[in-house]
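# Coordinate inspection notes
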Amino acid sequence: MTTASPASRALWAETRLLRWPGLYRLVSLPCERLAEGAEWVTLVPQGAFAALVLERDEVSLTLPEALAQQVPQGRLSGPLVALTLDLDVDLGVCGYLLPAAERLAQAGISIVPQCAFKKDHLLVPQDRADEAELQSANPGEGAIEPVDLIHHGVVVDPANEDGEKPDAKGPV
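Residues numbered from 1 in each chain as written. Predicted model: local features only at pLDDT ≥ 70, side-chain atom pairs only at ≥ 80, totals over all residues. Heavy atoms only, no water.

## A short note on the confidence of the model for the protein chain
- Here the protein chain averages 78 in pLDDT, while 74% of its residues score no lower than 70.
- Segment residues 140-172 is flagged for pLDDT under 50; beyond a separation of four residues in sequence, or across chains, it makes 63 contacts in the model. (pLDDT = per-residue confidence, 0-100. Contact = heavy atoms within 4.5 Å.)

Have a look at this one:
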C-alpha cells in the first residue's frame, strides 16, 4: 500500500464522511441525448446526490434509483450508495483520494469516483457500502481508526430536517 503523504494525512484528519440518503444508479446515454440527460438531473429532489459527466463516448448520469429507472433506454448500473469525502480540497493537492482508493481496492470493493470542484465523491455497491464507509474513512497513516470516526459522529446525513447544511451525527 502507498504511504500517505504528510499533507494528505493532515487533510484526512479533517475529512468527514457523508453518506447520501437512498440508493443511486448510473445511467449511460448516447452523447446526442445530453440535453435530455441534463433535464433528468434537474428533476433530482433537493437533498439528493446527482452528477452528469459528458465524455466522447457517453453521457453518464448518477441519479436517485427511482428517477434513474424512469430514463427511457438508459443503460443502468447499481444500486449504489453515494459517499462524499466532506472536505474542500484544493485542486493543487496531489494524491488525496489515493489512500481511500487503495484501501477499498484491497478490500475488493469497486468504486466509481466522481470528483467535483471542491469535494470528491465515491459510488460503491449497495451490498458493500457499510464496509466501504469503514475502509474509506480516514485512511491516512496514523489517523484515527475508521470505526472511531463512525462512533465519534463524523458520518453526516445531508438530509437533516431543517434543510440546512448537514451536521455531524452518530452511526448511520
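## What to know about the packing of aromatic side chains
- Tallied over the full model, the rule gives 3 aromatic pairs.
- Ring centres 4.7 Å apart and planes at 15 degrees place the aromatic pair W12 and Y96 in the stacked group. In this pair, W12 sits in helix α1 (residues 6-14) while Y96 sits in the loop between β5 (75-86) and α4 (98-106), placing the two residues 84 residues apart along the sequence.
- Judged by its relative accessible area of 0%, W12 is buried.
- Judged by relative accessible area, which is 3%, Y96 ranks as buried.
- With a centroid separation of 6.2 Å and an interplanar angle of 85 degrees, the aromatic rings of Y24 and F49 are classed as edge-to-face. Of this pair, Y24 sits in strand β2 (residues 24-29) while F49 sits in the loop between α2 (34-42) and β3 (51-55), and the two are 25 residues apart along the sequence. Comparing Y24 with F49 shows no difference in burial state: the two are buried. (Phe/Tyr/Trp six-rings, centres within 6.5 Å; stacked < 30°, edge-to-face > 60°. Helix = DSSP H or I, 4+ residues; strand = E, 2+ residues; numbered from the N terminus. Buried < 20%, exposed > 50% of the residue type's maximum accessible area, 1.4 Å probe, protein only.)

## Notes on the environment of G37
- Relative to the helices and strands, G37 is located in helix α2.
- By relative accessible area, G37 is classed as buried at 0%.
- Spatially, the C-alpha atom of G37 lies 8.7 Å from that of V71, the residues being 34 residues apart in sequence.
- Excluding its chain neighbours within four sequence positions, the residues that come into contact with G37 are L29, L52 and L61.

## A look at the nonpolar core
- One finds L83, L85, Y96, V124 and A132 to be the most contacted residues of the largest nonpolar core, which totals 17 residues.
- Where this core is concerned, the elements lending two or more residues are α1, β5, α4, β7 (120-125) and α5 (129-136).
- When residues in this core are grouped by element, the largest group, 3 residues, is from β5.
- Counting residues in each nonpolar core, the second largest holds 10 residues, with V27, V44, V59 and L61 among its members. (Core = buried A, V, L, I, M, F, W, Y, C linked by side-chain atoms within 4.5 Å.)

## Points about unusual backbone geometry
- Cis geometry is found at the peptide bond from G78 to P79, where omega equals 10 degrees.
- Within the secondary structure layout, P79 lies in strand β5.

## Overview of the pattern of salt bridges
- One pass over the full model with this rule turns up 6 salt bridges.
- The closest approach of N and O atoms between D86 and R16, which form a salt bridge, is 3.8 Å. On the criterion of sequence distance, the pair formed by D86 in strand β5 and R16 in strand β1 (residues 16-19) is long-range, its members being 70 residues apart.
- By relative accessible area, which is 23% here, R16 ends up partly exposed.
- The residue E36 makes a salt bridge to R33 at a minimum N-O spacing of 2.7 Å.
- Taking the relative accessible area as the measure of exposure, R33 reaches 15% and is therefore buried.
- If you follow the salt bridges from partner to partner, you end up with R16, D86, D88 and K119 in one network. (Salt bridge = Lys/Arg side-chain N within 4 Å of Asp/Glu carboxyl O.)

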